[in-house]
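Structural overview for review
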Amino acid sequence: MSKRIPLSPVVPCDMSDSKNDPNLTRLRENLQKTGQTIAEAATRSGRDSTAVTLVAVTKYLTTSQTALLPEAGTLALGESRPQQLWKKGAEIVAPNLQWHLIGHLQRNKIKPTLPLVSLIHSVDSLRLLEELNRQAALQKRTVPYLLEVNISADSNKHGFRSKEIETVLDKVDDYPWLSLRGFMAMASREGGRTRAEADFKKTKQLFDDLKKKHPQGANLTELSMGMSSDYDLAIEQGATIVRVGSALYEGVF
Ligand SMILES: *Cc1c(COP(=O)(O)O)cnc(C)c1O
């Protein structure tokens, strides 16, 4: 059984119909450049470029700006705030568009979020898992998710500490409406690319280790890590999903 979520191409393919919209043209160029960087980093890590999914992060954009993304050829969009996801998810209609929730989800926001999301990257507590499962059962929906790992053990960050992850995995079978796909992590804010690379390496080691030794290991297929300033490094270390925002919008919005 393949657990991989359906992917959208990282490189937009149809460059012909830009409707003379200069923003759309520049956005397509940025997407192409990003797709190229992704492909090269994937190659360096011994993988095919299709092994990595680009999630275009929309938190800086208005709804009408966000609507240009599927037009430019990118179909996996990521929002960090649930209310923004509800708004944009309701207003933007495009075939095969998928939404990813990448930011903290409060339990009272679960209900309207579930019908809209393809993947929740940011599951960061057992109480959230519990309530997600309860709401998913009520809606009769299987909900794919990632466990957020606070790899830098930063007390200001959401996510499970790496030493807690194993006990969380022990409980995954208690939530039959939820479908575990892997981990999400963010690099430390300080320390630049060197520190980011070390954080990604640690996350990948934890991922590989549990993949091997834990009964849930077979469900660990996705590793969401890397943002504008470090997604190339994240891919070299084994990311399967990168969440890129600002780099896509340079010179556009
Ligand atoms: C904003 C955000 C991103 C994208 O950040 P950029 O640096 O703009 O690429 C990725 N992941 C999460 C969780 C975010 O909140």
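Just above sits the structure.
Reading the values: rules and limits
Residues numbered from 1 in each chain as written. Predicted model: local features only at pLDDT ≥ 70, side-chain atom pairs only at ≥ 80, totals over all residues. Heavy atoms only, no water. Helix = DSSP H or I, 4+ residues; strand = E, 2+ residues; numbered from the N terminus. Rg over C-alpha atoms; globule rule 2.2 N^0.38 Å. Buried < 20%, exposed > 50% of the residue type's maximum accessible area, 1.4 Å probe, protein only. Near = heavy atom within 4 Å. Polar contact = N/O pair within 3.5 Å; in protein donor to acceptor, adjacent residues only side chain to side chain. Areas by Shrake-Rupley, 256 points an atom, 1.4 Å probe, with all protein chains shown as cover. Pairing = 2+ DSSP bridges. Phe/Tyr/Trp six-rings, centres within 6.5 Å; stacked < 30°, edge-to-face > 60°. 1 Å grid on protein atoms, 1.4 Å probe; cavity = no way out; pocket = protein on both sides within 12 Å on 5 of 7 lines; lining within 4 Å. Points joined across faces, edges and corners; volume = space filled by probe spheres on them. Core = buried A, V, L, I, M, F, W, Y, C linked by side-chain atoms within 4.5 Å. Contact = heavy atoms within 4.5 Å. Expected span 1.5 Å × (residues − 1). Salt bridge = Lys/Arg side-chain N within 4 Å of Asp/Glu carboxyl O.

1. Structural notes on the overall build of the protein
- Within the protein, the secondary structure is distributed over 10 helices and 8 strands.
- In summary, the protein has a C-alpha radius of gyration of 18 Å against a globular reference of 18 Å for 253 residues, a match within 12%.
- Taken along the three principal axes of its C-alpha coordinates, the protein extends 55 × 40 × 35 Å.
- Of all 253 residues assigned to the protein, the portion counted as buried reaches 52%.

2. Some remarks on the site of the ligand
- In the region of the ligand, the neighbouring residues are Val57, Lys59, Tyr60, Ser80, Ile102, Met186, Met227, Ser228, Arg243, Val244, Gly245 and Ser246.
- Tyrosine 60 has a polar side-chain atom sitting 2.4 Å from an oxygen atom of the ligand.
- Here an oxygen atom of the ligand and a side-chain polar atom of serine 228 are 2.5 Å apart.
- Expressed as a share of its isolated accessible area of 390 Å², the protein-covered part of the ligand is 89%.

3. Comments concerning the pairing of strand E8 (residues 241-244)
- Burial along E8 is two-sided: the face carrying Ile241 and Arg243 and the face carrying Val242 and Val244 are both buried.
- By the bridge criterion, 4 bridges tie strand E1 (residues 53-57) to E8 in an arrangement that is parallel. Bridging across to E8, valine 55 finds its partner in arginine 243.

4. Side note on the packing of aromatic side chains
- The full count for this structure, using the stated rule, is 3 aromatic pairs.
- Taken together, a centroid distance of 5.7 Å and an interplanar angle of 80° make the contact between phenylalanine 183 and phenylalanine 207 edge-to-face. With phenylalanine 183 in strand E6 (residues 178-185) and phenylalanine 207 in helix H8 (residues 192-213), this pair connects stretches of sequence that are 24 residues apart. In this pair, the class of phenylalanine 183 matches that of phenylalanine 207, namely buried.
- Ring-pair connections join several aromatic residues into one group, and the members of that group are Tyr60, Tyr249 and Phe253.

5. Things to note about the layout of surface pockets
- Size it by volume and the largest pocket reaches roughly 620 Å³.
- Along the walls of the largest pocket sit 28 residues, with Lys59, Met186, Arg189, Met227 and Arg243 positioned nearest its centre.
- When residues of the lining of the largest pocket are assigned to their parent elements, the largest contribution, 4 residues, is made by H8.

6. Looking at the nonpolar core
- Formed by 63 residues in total, the largest nonpolar core has its most connected members in Ile120, Leu147 and Phe183.
- Sorting elements by how many residues they give to this core places helix H1 (residues 22-44) first, with 6 residues.
- Setting aside residues up to four positions removed in sequence, leucine 147 forms contacts with His121, Val123, Leu129, Phe160, Ile165, Val168, Leu169, Leu180, Gly182, Phe183 and Met184.
- Listed in part, the 6 residues of the second largest apolar core include Ala76, Leu119, Met184 and Ile241.

7. A word on the environment of leucine 147
- By secondary structure assignment, the location of leucine 147 is in strand E5 (residues 143-149).
- The buried category is assigned to leucine 147, whose relative accessible area is 0%.

8. Section: H8
- Look at H8: 32 Å from first C-alpha to last across 22 residues, which is about the 32 Å you get at 1.5 Å a residue.
- Where H8 is buried, its residues touch E5, helix H7 (165-171), E6, strand E7 (222-224) and helix H9 (231-236).

9. Side note on the environment of valine 93
- Topologically, valine 93 is positioned in the loop between helix H4 (82-91) and strand E3 (98-101).
- As for valine 93 and glycine 217, which are separated by 124 residues in sequence, their C-alpha atoms are 36 Å apart.

10. Quick word on unusual backbone geometry
- One non-glycine residue, lysine 140, adopts positive backbone phi at about 50°.
- Residues other than glycine seldom take positive phi values, yet alanine 153 does so here, at roughly 50°.
- Tracing the sequence through the fold places alanine 153 in the loop between E5 and H7.
- The class for alanine 153 is partly exposed, based on a relative accessible area of 43%.

11. Comments concerning helix H6 (residues 126-139)
- Here H6 is 14 residues long and its end C-alpha atoms lie 20 Å apart, about the 20 Å a rise of 1.5 Å per residue gives.
- Leu128, Leu129, Glu131, Leu132, Asn133, Gln135 and Ala136 are the residues of H6 that are buried.
- The inward-facing, buried residues of H6 abut helix H5 (110-113), strand E4 (117-123), E5, H7 and E6.
- Lysine 140 sits one or two positions beyond H6 and adopts a positive phi of about 50°.

12. Points about the pattern of salt bridges
- Under the criterion given, the structure shown has 9 salt bridges.
- As a salt-bridge pair, arginine 195 and aspartate 199 come within 3.2 Å of each other at their nearest N and O atoms. Of this pair, arginine 195 and aspartate 199 both sit in helix H8, 4 residues apart, which is roughly one turn of the helix.
- When its relative accessible area of 35% is taken as the criterion, arginine 195 is described as partly exposed.

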